[in-house]
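One-letter residues, chain by chain:
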Amino acid sequence: MFKIIGTKIFLTRGDTAFIDIKILRMDGTEYQLKAGDQVLFTVKKNARDETVLFQKTPVDGIIKISPADTDHLRFGDYVYDCQLRTYDGIVQTFIPPSLFRVTEEVTY
């Protein structure tokens, strides 16, 4: 199972998920990535934890979460955010720290 409600993500441990990442400007238009820009999707146990559980960058605007990214995690709540780092040094967190819930599985 994979679903997104607002900025909350729910994913069955060990499943694959594809997340379409769009960055919108204040006027509602989509930001087009430029050479040297970087987008990071980061998951941690909580926002203050220094240990990154996994981190992804989009390919063609899609974040792919693979089974190996979550199969070692305990069922429960984690936190993620998405950050844009532009080629000229600007940093913008466009999805603030939000719930990333790893849900139970029976078949693994």
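In this report, we go over the structure that sits alongside the text. Predicted model only: the values in this text are computed from it and were never measured. (Residues numbered from 1 in each chain as written. Predicted model: local features only at pLDDT ≥ 70, side-chain atom pairs only at ≥ 80, totals over all residues. Heavy atoms only, no water.)

Re the pattern of salt bridges
- Applying the stated criterion across every chain, the model contains four salt bridges.
- Residues Arg-101 and Asp-77 are paired through a salt bridge, measuring 2.5 Å at the closest nitrogen-oxygen approach. Placement of Arg-101 in strand 8 (residues 91-103) and of Asp-77 in strand 7 (residues 76-85) is noted, with a sequence separation of 24 residues between them. (Salt bridge = Lys/Arg side-chain N within 4 Å of Asp/Glu carboxyl O. Helix = DSSP H or I, 4+ residues; strand = E, 2+ residues; numbered from the N terminus.)

As for the nonpolar core
- Ranked by size, the top nonpolar core spans 21 residues in total, and within it Phe-41, Ile-65, Tyr-80 and Phe-100 carry the most contacts.
- For this core, the secondary structure elements donating two or more residues are strand 2 (8-12), strand 3 (17-20), strand 4 (38-44), strand 6 (62-65), strand 7 and strand 8.
- Tallying contributions element by element places strand 7 first for this core, with four residues.
- Non-local contacts of Phe-100, meaning those with residues more than four positions away in its chain, are made with Ile-9, Leu-11, Phe-41, Val-43, Phe-54, Ile-65, Thr-70, Gly-76, Asp-77, Tyr-78, Val-79 and Tyr-80. (Core = buried A, V, L, I, M, F, W, Y, C linked by side-chain atoms within 4.5 Å. Buried < 20%, exposed > 50% of the residue type's maximum accessible area, 1.4 Å probe, protein only. Contact = heavy atoms within 4.5 Å.)

Some words on the sheet that holds strand 1 (residues 2-5)
- Reading across from one edge, 1-2-8-7-4-5 is the order of the six strands in this open sheet, with mixed pairing throughout. The sheet is open, and its two borders are formed by strand 1 and strand 5 (54-56), each paired with just one other strand. Here the average twist between neighbouring strands, direction ignored, is 20 degrees.
- Here strand 4 pairs with strand 7 via seven bridges, running antiparallel. Across the sheet, Val-39 pairs through a bridge with Leu-84, a residue of strand 7. (Pairing = 2+ DSSP bridges. Axes fitted to C-alpha atoms, helices over the stretch in contact; angles between N-to-C directions.)

A closer look at the environment of Gln-83
- Note that Gln-83 resides in strand 7.
- The residues touching Gln-83, leaving out its near neighbours within four places in the chain, are Gln-38, Val-39, Leu-40, Val-91, Gln-92, Thr-93 and Phe-94.
- Within the structure, the side chain of Gln-83 is placed 2.7 Å from the side chain of Arg-85, a separation counted as a polar contact.
- Reaching out from Gln-83, the side chain makes a polar contact with the side chain of Thr-93 at a distance of 3.3 Å. (Polar contact = N/O pair within 3.5 Å; in protein donor to acceptor, adjacent residues only side chain to side chain.)

Remarks on the environment of Thr-7
- With respect to the helices, strands and loops of the structure, Thr-7 is situated in the loop between strand 1 and strand 2.
- Residue Thr-7 is classed as partly exposed on the basis of its relative accessible area, which comes to 37%.
- C-alpha of Thr-7 to C-alpha of Thr-107: the two residues are 100 residues apart in sequence and 27 Å apart in space.
- If we skip the residues at most four places from it in the chain, Thr-7 touches Tyr-80, Ile-95, Ser-98 and Leu-99.

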